[in-house]
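Structure at a glance
The chain contents come next:
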Amino acid sequence: MTSVSPLRLFVALAFIAGGGILASQMPQSGQQFIVVIAAGAIALFTVLQDPLPTAAPPTDSLERQRKRILYQGRAEAYQDIINPISDPILLVRNAKVAAANPAAAQILGDHIVGEDVRIAIRHPAAADRLANPDAQHTGQPILLVGVGSAEQRWELRIHTLQDGLKLVQLSDRSSRYAAERMRTNFVANASHELRTPLAAIKGFLETLEDPKAGKDDATRARFLKIMYDEADRMQRLVEDLMSLSRIEAEKFELPSEEVDLRDLVGEARDFYINSRGKNAKDILVKLPTEIPLINGDRAQLSQVVNNLLSNAFKYGRKGTPVTINVAPNKAGTMLYLAVSDEGEGIAPEHIHRLTERFYRVDKGRSKSIGGTGLGLAIVKHISERHGGRMEITSEVGKGTTVSMMLPISNKS
């Protein structure tokens, strides 16, 4: 309801009073009625007139109010746009956070809206660009470390919008950094693993060039044996690297050949008994009466069984058996393959890193028994290519079990 000014109310009452006085002095009742009606109508018209104009506020106050409403409206409009974006997004004006999407609030905290952006993002280069309205944003990202967590790496980009707003985008580059670090470590480790046997071979060759050493049959035989072992180790390393490369190149090709694991386990067992000097009691095989077929690459699955057996014999205690267990799961959708040893076991802090390339719990022992450091990495990649999963369980002092779950063929 529109408010009535005191001045208009006073004027209306004056018209009513004046009309009443005038009507009381008139002898005819009809004229009195007309006068009263007229006075009342004028009073009503006076009250219902548009409000009296008030003094206009100063021009600068209106301009500030207009800008405040405009800025607030723009920030709210941008808020609806940035909310669904998965990357953390901030809107900054005058070095203060005007808005933040849920991803930014999760990383930086819900309290950041309204705060100085230099508190939310503590980085000298970022603070300079965000706080300085005249800073030139060339589009080059700023690398941030430790925002959210100590291990995360971010790229910060700043985009200038209208009315002094700046859009700050944080892109998580942690996975790319980890992949680059893994690649660098892989090249360094591979170079080191190849350089070591090469240096040994070269050193012994130089020694054998000495006529005195070359004429000593025992020395020559010992040196040649070491050179042969180092060359064999280098060959196995190169073969494992090539195998890993082929598996990675085919990792998106799901194998379609039907494979019977019973045959692969039998072949691996016979190989270790006939060619590696193992006895039947050294390899215990547990197989159900019927084993469903799986879709797989026969050569790669054979490599899995042999790699797991090789590891189990290397790290199991002498005189203890290695157990191979194959069985379908209760749902009948996956086939379980596990190889267990009765060795020293592995401490829990090492378990999650065992499938890393060249990772060794005991580097000296692994090299002395001829390990390349790639066996479990190969097993993991083969299991992933087959749509399965790999698990490692171990108890210190009792032994280790490496298992795989592989999808059963639909034709089985």
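Residues numbered from 1 in each chain as written. Predicted model: local features only at pLDDT ≥ 70, side-chain atom pairs only at ≥ 80, totals over all residues. Heavy atoms only, no water.

**Details of the overall build of the protein**
- Across its full length, the protein holds 14 helices and 12 strands.
- For the protein, the proportion of its 412 residues judged to be buried stands at 34%.
- Long-range pairs, those at least 24 residues apart, make up 58% of the contacts in the protein with a sequence separation of at least 6.
- Of the roughly 24800 Å² that the protein leaves accessible, carbon and sulfur atoms contribute 56%. (Helix = DSSP H or I, 4+ residues; strand = E, 2+ residues; numbered from the N terminus. Buried < 20%, exposed > 50% of the residue type's maximum accessible area, 1.4 Å probe, protein only. Contact = heavy atoms within 4.5 Å. Areas by Shrake-Rupley, 256 points an atom, 1.4 Å probe, with all protein chains shown as cover.)

**Side note on the confidence of the model for the protein**
- Here the protein averages 79 in pLDDT, while 76% of its residues score no lower than 70.
- Within the protein, strand β10 (residues 334–340) carries the highest mean pLDDT (95), whereas helix α2 (residues 29–48) carries the lowest (56).
- For residues 65–70, every residue scores under 50 in pLDDT, and the model assigns this stretch one contact once sequence neighbours within four places are set aside. (pLDDT = per-residue confidence, 0-100.)

**A closer look at the side chain of Gln 300**
- Relative to the elements of secondary structure, Gln 300 occurs in helix α11 (residues 298–315).
- Among all residues touching Gln 300, those that are not within four sequence positions of it are Ile 247, Glu 250, Ile 382, Arg 385 and His 386.

**A short note on the pattern of salt bridges**
- Evaluation of the coordinates by the stated rule reveals 16 salt bridges.
- For Glu 230, the salt bridge identified is with Arg 233, shortest N-O distance 3.6 Å. One end of the pair, Glu 230, and the other, Arg 233, are both in helix α9 (residues 217–249), three residues apart, so they sit about a helical turn from each other.
- Taking relative accessible area as the criterion, Glu 230 reaches 17% and is therefore assigned buried. (Salt bridge = Lys/Arg side-chain N within 4 Å of Asp/Glu carboxyl O.)

**Regarding α9**
- Taking 1.5 Å per residue, 33 residues should reach 48 Å; α9 reaches 47 Å between its end C-alpha atoms and fits that length.
- Taken together, the buried positions of α9 are occupied by Thr 219, Phe 223, Met 227, Glu 230, Arg 233, Met 234, Leu 237, Asp 240, Leu 241, Ser 243, Leu 244 and Ile 247. (Expected span 1.5 Å × (residues − 1).)

**Quick look at the side chain of Thr 355**
- Looking at where Thr 355 falls in the secondary structure, it is placed in the loop between α12 (348–351) and α13 (363–368).
- Beyond its immediate sequence surroundings of up to four residues, Thr 355 is in contact with Leu 376, Ala 377, Lys 380, Met 390 and Ile 392.

**Re the sheet that holds strand β4 (residues 153–160)**
- Taking strand neighbours across the sheet as the criterion, the five strands line up as β2-β1-β5-β4-β3 in an open arrangement whose pairing is antiparallel. Two strands in the sheet have a free side with no partner beyond their single neighbour: β2 (96–100) and β3 (142–145). Between one strand axis and the next, the sheet turns through 30° on average, direction left out of account.
- Pairing between β3 and β4: four bridges, direction antiparallel. What sits directly across from Ile 142, in β4, is Leu 156. (Pairing = 2+ DSSP bridges. Axes fitted to C-alpha atoms, helices over the stretch in contact; angles between N-to-C directions.)

**Some details on the packing of aromatic side chains**
- In total, this model carries three aromatic pairs according to the counting rule given.
- Relative to Phe 223, the ring of Phe 204 has its centre 4.7 Å away and its plane inclined at 45°; by these criteria the two rings are tilted. With a gap of 19 residues between them, Phe 204 in helix α7 (residues 174–208) and Phe 223 in helix α9 connect regions that are remote in the sequence. Each member of the pair Phe 204 and Phe 223 is classed as buried.
- Centroid distance Phe 271 to Tyr 272: 5.5 Å. Interplanar angle 90°. Geometry classified as edge-to-face.
- Lying across the ring of Tyr 272, Arg 276 places its NZ or CZ 5.8 Å from the centre. (Phe/Tyr/Trp six-rings, centres within 6.5 Å; stacked < 30°, edge-to-face > 60°. Lys NZ or Arg CZ within 6 Å of the ring centre and 35° of its normal.)

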